[in-house]
Structure formats: C-alpha cells, structure tokens
Amino acid sequence: MMDKKLHQKQSFLYSIQNKKLMLPVLGSILLAFVLWLLPTGYEDAQIYQEADRCRARVVEIDNSSIIDTGLVRSGEQRCTLELETGLFAGQTVTGVNMLSGSLEADKIFVPGDLAQVVVSYEGDTVLTVTMTDHFRLWQEGALALLFAVFLFAFAGIAGLRAILSFVITVLMLWKILVPCYLNGWNPVLTGLLLVLVLTAVIILLVYGCERRTIAAVSGAFLGILTTALMGAVFNNAFRIHGAVMPYSESLLYSGYQYLNLTQIFIASIFIGASGAVMDLAVDITSAVYEVVQKKPDISWQEAARSGMNVGRAAMGTMTTTLLLAYSGGYIALLMVFMAQGTHIDHILNYKYVSAEILDTMVGSLGLVTVAPFTALTSRSEEHTSELQSLEAISYA
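Positions within a chain are numbered from 1, following the residues in the order the chain's sequence is written. Given that the model is predicted, a residue must reach a pLDDT of at least 70 before its local features are reported, and side-chain atom pairs must reach 80 or more before they are shown or counted; all residues, however, enter totals for whole chains, interfaces and linings. Calculation of side-chain values draws on the structure's entire complement of heavy atoms; hydrogens and water are dropped beforehand.

**Some words on the overall build of the chain**
Next up, step 1: Looking only at helices and strands, the chain features 12 helices and 6 strands.
Next up, step 2: Burial status across the chain gives 37% buried among its 396 residues.
Next up, step 3: Whether two residues are in contact is decided by their heavy atoms: any pair within 4.5 Å suffices. Residue pairs at least 24 apart in sequence account for 69% of intrachain contacts in the chain once pairs closer than 6 positions are excluded.
Next up, step 4: For the accessible areas, the method is Shrake-Rupley and the probe is 1.4 Å, while residue cover comes only from the protein chains on display. For the chain, the exposed area adds up to about 22500 Å²; of that, 65% sits on carbon and sulfur atoms. In DSSP terms, a helix is any run of H or I states spanning at least four residues, a strand is any run of E spanning at least two, and both are numbered starting from the N terminus. Three exposure classes are used, based on accessible area relative to the maximum for each residue type with a 1.4 Å probe and protein chains only: buried under 20%, partly exposed in between, and exposed over 50%.

Printed below as a string of structure tokens:
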C-alpha cells in the first residue's frame, strides 16, 4: 500500500514537471520558426546579385599559370568544371581560382573536388565562373547531424531541448544581433538584452516554468551585467580599440564608418563569457535545489552557503575553460613570439595579447561573481520545495 502511494506521488510530481516544460518547449519551437522566417534586412545587399551561386565538380586542372615562390603561390589556377546545381546545371565550363599569395586565404583544387562557384551570365550565356572555395556544406551537415545524434543518445529528451536551445542561439545571433549592430544600435545594450533573452530561453528549457528558472536567470544575468561593467572600465584602462577583432576594420571601409567597434568589442567580452556563466548558475541552482529537497527545513542562509561551496569548487575549472577557449586560437601567435625571442613584457603589452588578457580576466571575474549572486537568488528553492511537499501531501 505504501509503495503504491509513493508511486502515485512520484507520478503526480512527474506530470507536474512535464507540464512545466511543455510551455517553454512549445514557445521555443515557435520562436525558432519565427526567427527562421525573420528577414535580416540585408538580403538585397548580397554581392554578385546578378550571378548564380552553385556547386560544381572539378574535372581537370591547369596549374601552368601558377607562380611558385617558396611557400607562396600566386597567379591563377584554371579548372574545367561540371556544374551540378543552379541555372546551368549539367554544363561544362572553365572556372578561375585566383591565388593572392596568402596561405590563409588561397585554396588549391584537384580533380574530383567539389567547389562553390559564382557564375556570371547574360541571358543564356555564361560569361565567367569564379571559384570561391571548396564546397563543405555536406560535411558540415554531417557533423551537425552527428552532434545531434550523440546528444540525443546520451541525454534523451533533454538532449533534444539542448539542440533546440542551440538552434535558437544561432538564429538570434544571426537574425537579430548582427543586423542590429550593422544598423548602428548600441552594441552593449543590445548585447545585454539579447543575452538576457537567451539566458531565459535556455534555462527555461532546462527547468521549465518554476522558481529555479528565476533563480538561475537572475544569478546568471547579474554575473553577465557585472562582466559588462568591468569590461567597459578595463577596456578604457587598457586603451584597446575594437579593430583588434578579426575582419572588423574592413567594415569601416565598406560603408559602415558609423560603427563603434570598441563597444562591439566590449559586448563580445560578456557575450563570449555568457555560456560559462549560465553553466555555473545552473550548477549552483541545481545543487541548492537538491539540498533543499533532502532537507526541507534548512534555512535560506544554509542553502546559500551550500551554493557558495559548489560555486567555489566549480570556479577553478570554469575559469580555466575560458582561458583555454580564448588562448587556443592564438597558439600560432605565441609560437611566433617564442621563435623570435620576444621578451615577455613586449608580449604582454602587444595589443592583441592585451585584448585576450582582457577577455579572459574580465570573463573570469564575471564567473567569480556568479557564485554569490546565484547562491543568494537560489534561496527561493526552499519555498519551492515546501510548495511541492504540500502538493504531494494534499494529493495523497
């Protein structure tokens, strides 16, 4: 009899949890659909508007016009192509692959390769075919599918919710953040608003509509806000211009002189750290929740202290995560410094290194503040636990 009543209580609480998650899931699916259809306003700004972008297979190559100078290759590679998609699918044409002498930008094709090409035409006549790069969409799609399969295999339904939050994040960055920045909106305020919405959506998909969501979102956003404030203060002290971001300076020469690259750089600091901040906030909120579930009569001070202890344990690995994430892309630069025997004080004063130090340290400082913020906001878990206990008792 007791086992039956216990099973009924567990089933009741499970049904409550499903209802709490149903609305966020449906809302997130609707949000993803709306974002997918939402125009950026820059669809007509595409280059090669009067051209056909398509996929082609390389049949033959002609490297006779390539000039080799040591490691540098310049000139042009001419390829015989068979167009597989687009207006001229099935036709055989000659494409040109321009080489600028940059290993970073140049690419070399071999027979059998798939290439992304731009076909300039007039009427039914092909004028020129420019080979922009290797065609990688199939490989990228396969990698995304593998990621989704593994996530679902190990996390089940929770994995599907994680995929949904991943898709929403990508769409919000591309469909909202980037167009707003190009339109001249305040980068810091726009970034903060977008991160707040993303934080709420992602954590709602984790917990559903309950007090834990409020606690985790509050703690995470307070940490992100602190990161933004410290980023603005220390960026001014470091005298870092936003042009340190790759490809940012080219925007100024493309008709976007009004962009404030420095504020965009500041926004990139807290946006880049927001994922780790959310992770730590959810960890602490879940830990406090479990403590309150096991000991419903615990005071909120004790619950907050337990959250702080969890935060202290997680901070070491989370700050190291940020360090490795930011420094991983600059390994080659560090190798250049070492190969040239550059003194450490020159390395630390170098603008690009200073920008990475600012990114890492300010992001880590923001993580440090998340622990006390979330531990304090998670005290509401005590009331959540009491409410759930009363519901289970009344049901019984």
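**Side note on the pairing of strand β2 (residues 66–69)**
Next up, step 1: Note on pairing: two strands pair once DSSP finds at least 2 bridges between them. Direction of pairing for β2 relative to strand β3 (residues 72–83): antiparallel, over a ladder of 4 bridges. Residue pairing in the sheet places Asp68 in a bridge with Arg73 of β3.
Next up, step 2: Count of turn residues in the β2/β3 antiparallel hairpin: 2 residues, of which Gly70 carries a positive phi of about 65 degrees.

**What about the pattern of salt bridges?**
Next up, step 1: By definition, a salt bridge exists where a carboxyl oxygen of Asp or Glu is found within 4 Å of a side-chain nitrogen of Lys or Arg. Counting across every chain of the model gives 6 salt bridges.
Next up, step 2: A salt bridge links Asp133 to Arg136, with the nearest nitrogen and oxygen atoms 3.2 Å apart.
Next up, step 3: In this structure Arg136 comes out as partly exposed when scored by relative accessible area, which is 41%.
Next up, step 4: Across the pair Arg212 and Glu210 runs a salt bridge, and its minimum N-O distance is 2.4 Å. Considered together, Arg212 and Glu210 belong to a single accessibility category, that of buried residues.
Next up, step 5: Members of the salt-bridge network, linked through shared partners, are Arg55, Arg57 and Glu84.

**A short note on a nonpolar patch on the surface**
Next up, step 1: Think of a patch as exposed residues, more than 30% relative accessible area, with no salt bridge, where like charges cluster within 9 Å and nonpolar side chains (Val, Leu, Ile, Met, Phe, Trp, Tyr) cluster within 5 Å. Together, Val233, Phe234, Phe238, Ile344, Leu348, Ile357, Met361 and Leu365 make up a nonpolar patch on the protein surface, roughly 700 Å² of accessible area in all.
Next up, step 2: Among the elements of the structure, α5 (211–238), α10 (344–349) and α11 (351–377) are those that each provide at least two residues to the nonpolar patch.
Next up, step 3: One can find Ile357 in helix α11.
Next up, step 4: Residue class for Ile357 comes out partly exposed when judged on its relative accessible area of 30%.

**A short note on the packing of aromatic side chains**
Next up, step 1: Pairing of aromatic side chains here covers Phe, Tyr and the six-membered ring of Trp, requires ring centres within 6.5 Å, and sorts the geometry by plane angle: under 30 degrees stacked, over 60 edge-to-face, intermediate tilted. A complete count under the given rule lists 7 aromatic pairs for this structure.
Next up, step 2: Here the aromatic rings of Tyr350 and Tyr352 are separated by 5.7 Å at their centres, their planes lie at 45 degrees, and the arrangement is tilted.
Next up, step 3: On the basis of relative accessibility, which here comes to 34%, the residue Tyr350 falls in the partly exposed class.
Next up, step 4: Exposure remark for Tyr352: the relative accessible area of 30% places this residue in the partly exposed category.
Next up, step 5: Among the aromatic side chains, those forming a connected cluster through ring pairs are Phe337, Tyr350 and Tyr352.
Next up, step 6: For a Lys NZ or an Arg CZ to count as sitting over a ring, it must be within 6 Å of the ring centre and within 35 degrees of the ring normal. One Lys or Arg, Arg55, reaches over the ring of Phe135 and ends 5.4 Å from the middle of that ring.
Next up, step 7: Note that Arg212 overlies the ring of Tyr289, its terminal NZ or CZ placed 3.9 Å from the centroid.

**Things to note about the packing of helix α4 (residues 187–207) against helix α7 (residues 261–294)**
Next up, step 1: In this description, a line fitted to the C-alpha atoms serves as the axis of each element, helices being fitted only across the stretch in contact, and the angle between N-to-C directions of two axes falls anywhere from 0 to 180 degrees. Interaxial distance between α4 and α7 falls to 10 Å at its minimum, and their mutual angle equals 20 degrees. Relative to α7, the element α4 is oriented roughly parallel. Crossing angle aside, the handedness with which α4 passes α7 is right-handed. Touching Pro187, Val188, Gly191, Leu192, Val195, Thr199, Ile202, Ile203, Val206 and Tyr207 of α4 are Gln263, Ile264, Ile266, Ala267, Phe270, Ile271, Ser274, Met278, Val282, Thr285 and Ser286, all from α7.
Next up, step 2: By residue class, the composition of the contact of α4 with α7 is 15 nonpolar, 6 polar and no charged. Each angle gets one of four labels, with under 35 degrees taken as roughly parallel, over 145 as roughly antiparallel, 65 to 115 as roughly perpendicular, and the rest as oblique. Should the near helix be turned anticlockwise from the far one by less than a right angle, the crossing is termed left-handed; should it be turned clockwise, right-handed. Basically, the charged four are Asp, Glu, Lys and Arg, the nonpolar ten are Ala, Val, Leu, Ile, Met, Phe, Trp, Tyr, Cys and Pro, and anything else, Gly included, counts as polar.

**With respect to α5**
Next up, step 1: Here a helix's expected span is defined as the number of its residues, less one, multiplied by 1.5 Å. For α5, built from 28 residues, the straight-helix expectation of 40 Å at 1.5 Å per residue is met to within 8% by its first-to-last C-alpha distance of 40 Å.
Next up, step 2: With its phi angle positive at about 55 degrees, Arg239 sits one or two positions after the end of α5.

**Some words on the nonpolar core**
Across soluble globular proteins, nonpolar side chains show a tendency to be buried alongside one another.
Next up, step 1: Of all hydrophobic cores here, the largest spans 57 residues; its most connected members are Ile168, Leu192, Phe265, Phe270 and Leu367.
Next up, step 2: Secondary structure elements with two or more residues in this core: α1 (2–37), α3 (157–182), α4, α5, α7, α8 (300–327) and α11.
Next up, step 3: It is α7 that contributes the most residues to this core, 16 residues altogether.
Next up, step 4: In contact with Ile168, not counting residues within four places along its chain, are Ser28, Leu31, Ala32, Leu35, Leu198 and Val201.
Next up, step 5: Residues enter a nonpolar core if they are buried and are Ala, Val, Leu, Ile, Met, Phe, Trp, Tyr or Cys, with the set joined through side-chain atoms within 4.5 Å. Counting 14 residues, the second largest nonpolar core, distinct from the first, contains Cys54, Phe88, Val93 and Met131.

**A word on the side chain of Lys175**
Next up, step 1: Note on placement: Lys175 falls in helix α3.
Next up, step 2: Here a polar contact means two N or O atoms within 3.5 Å. Within protein one must be a hydrogen donor candidate and the other an acceptor candidate, and residues neighboring in sequence count only if both atoms are side-chain atoms. Engagement of the side chain of Lys175 in a polar contact is seen with the backbone oxygen of Trp36, the distance being 3.3 Å.
Next up, step 3: Those residues in contact with Lys175 that lie beyond four places of it in its chain are Leu35, Trp36, Leu38 and Thr40.

**Quick notes on the confidence of the model for the chain**
Next up, step 1: pLDDT measures the predictor's confidence residue by residue and takes values from 0 up to 100. When pLDDT is averaged along the chain, the result is 85, and 90% of the positions lie at 70 or above.
Next up, step 2: The low-confidence segment residues 4–16 (pLDDT under 50) makes 9 contacts with residues lying over four places distant or belonging to another chain.

**Structural notes on the side chain of Thr199**
Next up, step 1: Within the secondary structure, Thr199 is located in helix α4.
Next up, step 2: At 2.6 Å, the side chain of Thr199 forms a polar contact with the backbone oxygen of Val195.
Next up, step 3: Excluding residues within four positions of it along the chain, Thr199 makes contact with Val217, Ala220, Ile224 and Met278.

**A short note on unusual backbone geometry**
Next up, step 1: Positive phi outside glycine occurs at Arg239, with the angle close to 55 degrees.
Next up, step 2: Looking at Arg239, the relative accessible area reads 75%, which means it is exposed.
Next up, step 3: Phi is positive for Tyr247, close to 65 degrees, though the residue is something other than glycine.
Next up, step 4: Residue placement: Tyr247 occurs in the loop between α5 and α6 (248–252).

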